[in-house]
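Report on the structure
These are the residues of each chain, in order.
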Amino acid sequence: MKLVFLGPPGAGKGTISRMVSERLGIPQISTGDIFRTAVKEKTELGLKVQAILAAGGLVPDELTIAIVKDRLSWPDAQRSYILDGFPRTIAQAEALAGFSSLDAAVDFEVKDELILFRLTGRRVCKVCGAIYHVVTKPPKVEGMCDLCGGELYIRNDDKEETVKARLNAYHEETEPLIGWYGNRSLLLTIDGSPDAETVYNAFISEIGRFLRK
Ligand code: ADP
Ligand code: ADP
Ligand code: ZN
């Protein structure tokens, strides 16, 4: 199954795509993770995108598309993948349609009010990228990853001012993709507001009808 996960920052794209990846063995490809790793490692890509991520803007389409196109050419992504956080613009969706054929675009719906709560409480493992929340998914030991023992950190774009910029970018650039995929009969809408197991189960029970087409 070849899927893209849409939805505003904090909708649970990373959480649900990691659950699907672990449970069904499908590669999860997160452009946000790719950019954050590049920033951490101070690669050429990292130096290019650091300021954009810190301001909550979008990385230019050309650069983002080239990275995804390359990643999808790897052997592990030939049968199945979940793209988490790509596409984020119509231009990215059009480019993707030119080099891969999707089964569905899954839109996780969450109201703006819930987003600030989710993002300000988000904690991420420095080592493996596992996602926690101080209230809804606390680690067993404070500040430490359950999976690998890595240190948890607060993303520097999860502060209130930056969240506002990211939400603006979402509403202006990314939300139009809901109609774009709807017009192509590829859209699956899932309520992202209940707990993660409920969201995961809703996804599993709905996705089948897209795979049998
Ligand atoms: P979130 O999990 O909050 O939705 P991501 O981890 O997906 O955020 O992305 C973090 C940042 O990386 C974005 O704010 C943006 O700057 C950049 N980014 C990620 N994916 C894309 C994309 N497809 N196009 C442009 N920029 C992107
Ligand atoms: P996204 O990738 O869409 O930005 P994340 O998966 O990183 O979203 O989730 C954002 C925050 O909300 C994280 O702290 C995560 O633990 C928490 N979270 C995600 N899904 C749920 C859910 N269904 N219920 C409660 N909290 C959630
Ligand atoms: Zn970890």
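So, here is what we can say about the structure in this document.

Time to look at the site of ligand 1. Neighbouring ligand 1 are 18 residues, the closest being K13, T31, R36, G57 and R166. Taking 550 Å² as the accessible area of ligand 1 by itself, protein coverage stands at 96%. Of the residues assigned to the shell around ligand 1, the class counts are 6 nonpolar, 6 polar and 6 charged.

The subject of this paragraph is the packing of helix α4 (residues 61-72) against helix α5 (residues 90-99). The geometry of α4 relative to α5 is characterised by a closest axis approach of 10 Å and an angle of 30° between their N-to-C directions. Here α4 lies roughly parallel to α5, going by the angle between them. The crossing of α4 and α5 is right-handed. Facing D61, T64, I65, V68, K69 and L72 of α4, the residues of α5 in contact are A91, Q92, A95, L96 and F99. Here the residues of the contact of α4 with α5 are counted per class, giving 7 nonpolar, 2 polar and 2 charged.

Side chains Y81 and L83 of strand β3 (residues 81-84) all project onto a buried face; the interleaved residues I82 and D84 project onto the opposite face, where all are buried too. Bridge count for strand β1 (residues 2-6) against β3 is 4 bridges, and the pairing is parallel. Paired with F5 across the strands is D84, a residue of β3. In the sheet, strand β2 (residues 28-30) pairs with β3 via 3 bridges, with the strands oriented parallel. Bridge pairing links I29 to L83 in β3.

This paragraph deals with the coordination of the zinc ion (ligand 3). In this structure, C125 (SG), C128 (SG), C145 (SG) and C148 (SG) serve as the protein donors to the zinc ion (ligand 3), at separations of 2.3 to 2.4 Å. Written as a sequence motif, the donor residues of the zinc ion (ligand 3) are C-x2-C-x16-C-x2-C. Taken as a pair, C125 in strand β5 (residues 122-125) and C148 in the loop between β6 (131-133) and β7 (152-153) lie far apart in primary sequence, 23 residues in all.

What follows covers the side chain of T89. The residue T89 is located in the loop between β3 and α5 in this model. Within the local environment of T89, its side chain forms a polar contact with the side chain of D61, the two groups lying 2.9 Å apart. Among the polar contacts listed, one links the side chain of T89 to the backbone nitrogen of Q92, at a separation of 3.0 Å. Non-local contacts of T89, meaning those with residues more than four positions away in its chain, are made with L58, D61, E173 and L177.

What follows covers the packing of aromatic side chains. Throughout the structure, instances matching the rule amount to 3 aromatic pairs. Each ring, one from F5 and one from F203, has its centre 5.7 Å from the other, and the planes form 75°; the classification is edge-to-face. You can see F5 sitting in strand β1 and its partner F203 sitting in helix α9 (residues 196-211), a full 198 residues away along the chain. By relative accessible area, F5 is classed as buried at 1%. Relative accessible area serves as the criterion here: at 0%, F203 is assigned to the buried category. With 4.9 Å between their ring centres and 85° between their planes, W180 and Y181 make a pair best called edge-to-face.

Cut-off values and rules
Residues numbered from 1 in each chain as written. Chains lettered and ligands numbered in written order. Predicted model: local features only at pLDDT ≥ 70, side-chain atom pairs only at ≥ 80, totals over all residues. Heavy atoms only, no water. Near = heavy atom within 4 Å. Areas by Shrake-Rupley, 256 points an atom, 1.4 Å probe, with all protein chains shown as cover. Nonpolar A, V, L, I, M, F, W, Y, C, P; charged D, E, K, R; others polar. Axes fitted to C-alpha atoms, helices over the stretch in contact; angles between N-to-C directions. Helix = DSSP H or I, 4+ residues; strand = E, 2+ residues; numbered from the N terminus. Parallel < 35°, antiparallel > 145°, perpendicular 65-115°, else oblique. Left-handed = near helix turned anticlockwise from the far one by under 90°. Contact = heavy atoms within 4.5 Å. Buried < 20%, exposed > 50% of the residue type's maximum accessible area, 1.4 Å probe, protein only. Pairing = 2+ DSSP bridges. Donors = N, O, S within 2.8 Å, 3.2 Å for Na, K, Ca; no water. Polar contact = N/O pair within 3.5 Å; in protein donor to acceptor, adjacent residues only side chain to side chain. Phe/Tyr/Trp six-rings, centres within 6.5 Å; stacked < 30°, edge-to-face > 60°.

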